[in-house]
Amino acid sequence: MTEKAKTVTIRIPRLNPKQEDVFVSVNNYTCIVKRGVEVEVPEHVAEVLRHQEQMLEIIQQFEEAHR
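Because the structure is predicted, anything quoted here is derived from the model rather than measured.

Observations regarding the overall build of the chain
Helix and strand counts for the chain come out as one helix and four strands. Start at the N end of the chain and walk to the C end: the helices and strands fall as β-β-β-β-α. The globule rule puts the C-alpha radius of gyration for 67 residues at 11 Å, and the 14 Å found for the chain is more than 25% above it. Based on the C-alpha atoms only, the size of the chain along its principal axes is roughly 55 × 25 × 20 Å. Here the chain holds 67 residues, and the buried ones make up 21% of them.

This is the structure:
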């Protein structure tokens with residue numbers, strides 16, 4: 001018997017009208033998360049997106065420190 005994954009509601013902002021939706025792949029699970037609207041995603045997808053945001057912040061800080 002398979003257990004259904006817990007879901008959470010997230011919203012990825014659309015900062016630019018030309019920004020594409022976000023592709024996420026975790027192990028064998030893939031999805032496209034629509035920007036600008038609230039969507040329900042499995043917890044592991046939300047976690048990957050949180051990590052992505054953290055890494056982008058670290059990259060930005062590094063780049064600013066090395067200008």
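We are not done yet, so read on.
Overview of the nonpolar core
I10, I12, V22, V24, V26, C31, V33, V39, V41, V45, A46 and L49 form the largest nonpolar core, which has twelve residues in total. Every element with two or more residues in this core is listed here: β2 (22-26), β3 (29-33), β4 (38-42) and α1 (43-65). V22 has contacts with I12, C31, I32, V33, R35 and L49, leaving out every residue within four places of it along the chain.

A closer look at the side chain of R35
Checked against the element boundaries, R35 lands in the loop between β3 and β4. With no salt bridge to any partner, buried R35 finds its closest opposite charge in D21, at an N-O distance of 5.5 Å. There is a polar contact of 3.0 Å between the side chain of R35 and the backbone oxygen of P13. Ignoring any residue separated from it by four or fewer positions in sequence, one finds R35 in contact with I12, P13, R14, Q19, E20, D21 and V22.

A short note on unusual backbone geometry
Even without being glycine, N27 reaches a positive phi, approximately 55 degrees. With respect to the helices, strands and loops of the structure, N27 is situated in the loop between β2 and β3.

Structural notes on α1
Since the α-helix packs 3.6 residues into each turn, any two residues three or four apart lie on the same face. For α1, built from 23 residues, the straight-helix expectation of 33 Å at 1.5 Å per residue is met to within 8% by its first-to-last C-alpha distance of 33 Å. If you check which residues of α1 are buried, you get V45, A46 and L49. Next to the buried residues of α1 lie β1 (7-11), β2, β3 and β4.

Definitions and cut-offs
Residues numbered from 1 in each chain as written. Predicted model: local features only at pLDDT ≥ 70, side-chain atom pairs only at ≥ 80, totals over all residues. Heavy atoms only, no water. Helix = DSSP H or I, 4+ residues; strand = E, 2+ residues; numbered from the N terminus. Rg over C-alpha atoms; globule rule 2.2 N^0.38 Å. Buried < 20%, exposed > 50% of the residue type's maximum accessible area, 1.4 Å probe, protein only. Core = buried A, V, L, I, M, F, W, Y, C linked by side-chain atoms within 4.5 Å. Contact = heavy atoms within 4.5 Å. Lys, Arg positive; Asp, Glu negative; His and termini not counted. Salt bridge = Lys/Arg side-chain N within 4 Å of Asp/Glu carboxyl O. Polar contact = N/O pair within 3.5 Å; in protein donor to acceptor, adjacent residues only side chain to side chain. Expected span 1.5 Å × (residues − 1).

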